[in-house]
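Observations on the model geometry
Residue strings, one per chain:
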Amino acid sequence: EFRRVLFRSLTSLLQKGAVAVLLTVLSLLFGRILVYTGKTYHVMASLGIYVIVFVVGSVICLRPMDRDIEGLVLAGIAALVVLCISMGAFVFKQLRVKVDLMYWIGIPCLAVLICGLIWYLLGRFLTPYLGYLVTMILGLLVGSAVYWAVLILLRSFSRQETEILPGGWILSQLKEWMHIV
């Protein structure tokens, strides 16, 4: 019984931790751009907002739920969401970038949802037969291929963006082969 509860708790924390890693990487990227453009006060303002949200979130999450570490993880993720959004807004404002929500957010989110569905289905149906490791490797390969295929088919990249990407010449060749130029 204790092992089952511990496994469920660890699984929940690892899933939330994966989101935290993504948000941290995005925040670091936005922070670097702001520092390189000389706007360190924007970074400090965003970090101040992060600390305030984390402290308030910790107080809110720890009291009524009577949770220890999970409340802190939830507060941290909420604070990371605010940090990522605030730094991203500062970067887009600083660089005067017009955000096309369909191409920057909509299509990648759709691709991620499709990949998540594929990973779920592969895990659900193949894990009993192939085991966790083989299913995970297969899911990574199939999910990555589907993710890039969706981005290419929905024309999420312009020719210039494709050329900038590492290995972009492969995507350019694939787009030409599929007649998506």
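Computed from a predicted model, the values in this text were never measured in an experiment.

1. With respect to the confidence of the model for the chain
Taken as a whole, the chain shows an average pLDDT of 76; of its residues, 73% reach a score of 70 or greater. By mean pLDDT, helix H6 (residues 159-164) is the weakest element of the chain at 68, and helix H2 (residues 40-62) is the strongest at 84.

2. A short note on the nonpolar core
Counting residues in each nonpolar core, the largest one holds eleven residues, listed as Ala20, Leu23, Phe30, Leu34, Val43, Ile77, Leu80, Leu83, Cys84, Met87 and Val91. Residue assignment for this core shows that the elements contributing at least two residues are helix H1 (2-36) and helix H3 (69-94). Residues contacting leucine 80, with those up to four places away along its chain left out, are Ala20, Leu23, Thr24, Ser27 and Tyr50.

3. Topic: a nonpolar patch on the surface
A surface patch of nonpolar side chains, about 1,100 Å² in accessible area, is lined by Trp119, Tyr129, Leu130, Leu133, Val134, Met136, Ile137, Leu138, Leu140, Leu141 and Val142. Contributions of two or more residues to the nonpolar patch are made by helix H4 (101-130) and helix H5 (132-153). Considering every element that reaches the nonpolar patch, the biggest residue donor is H5, with eight residues. Among the secondary structure elements, isoleucine 137 is positioned in helix H5.

4. A word on H3
Compared with the 38 Å implied by 1.5 Å per residue over 26 residues, the 37 Å span of H3 between its first and last C-alpha is a close match. Where H3 terminates, the next one or two residues include arginine 96, which has phi positive at roughly 55°.

5. Quick look at helix H7 (residues 168-177)
Burial in H7 covers these residues: Gly168, Leu171, Ser172 and Lys175. Axial view of H7: buried residues confined to an arc of 100°, hence all on one face. Facing away from the buried side of H7, by more than 90 degrees, are the exposed residues Trp169 and Trp177.

Cut-offs applied
- Residues numbered from 1 in each chain as written.
- Predicted model: local features only at pLDDT ≥ 70, side-chain atom pairs only at ≥ 80, totals over all residues.
- Heavy atoms only, no water.
- pLDDT = per-residue confidence, 0-100.
- Helix = DSSP H or I, 4+ residues; strand = E, 2+ residues; numbered from the N terminus.
- Core = buried A, V, L, I, M, F, W, Y, C linked by side-chain atoms within 4.5 Å.
- Buried < 20%, exposed > 50% of the residue type's maximum accessible area, 1.4 Å probe, protein only.
- Contact = heavy atoms within 4.5 Å.
- Patch = residues over 30% accessible without salt bridge, like charges linked within 9 Å, V, L, I, M, F, W, Y side chains within 5 Å.
- Areas by Shrake-Rupley, 256 points an atom, 1.4 Å probe, with all protein chains shown as cover.
- Salt bridge = Lys/Arg side-chain N within 4 Å of Asp/Glu carboxyl O.
- Expected span 1.5 Å × (residues − 1).
- Arc of directions from axis to C-beta.

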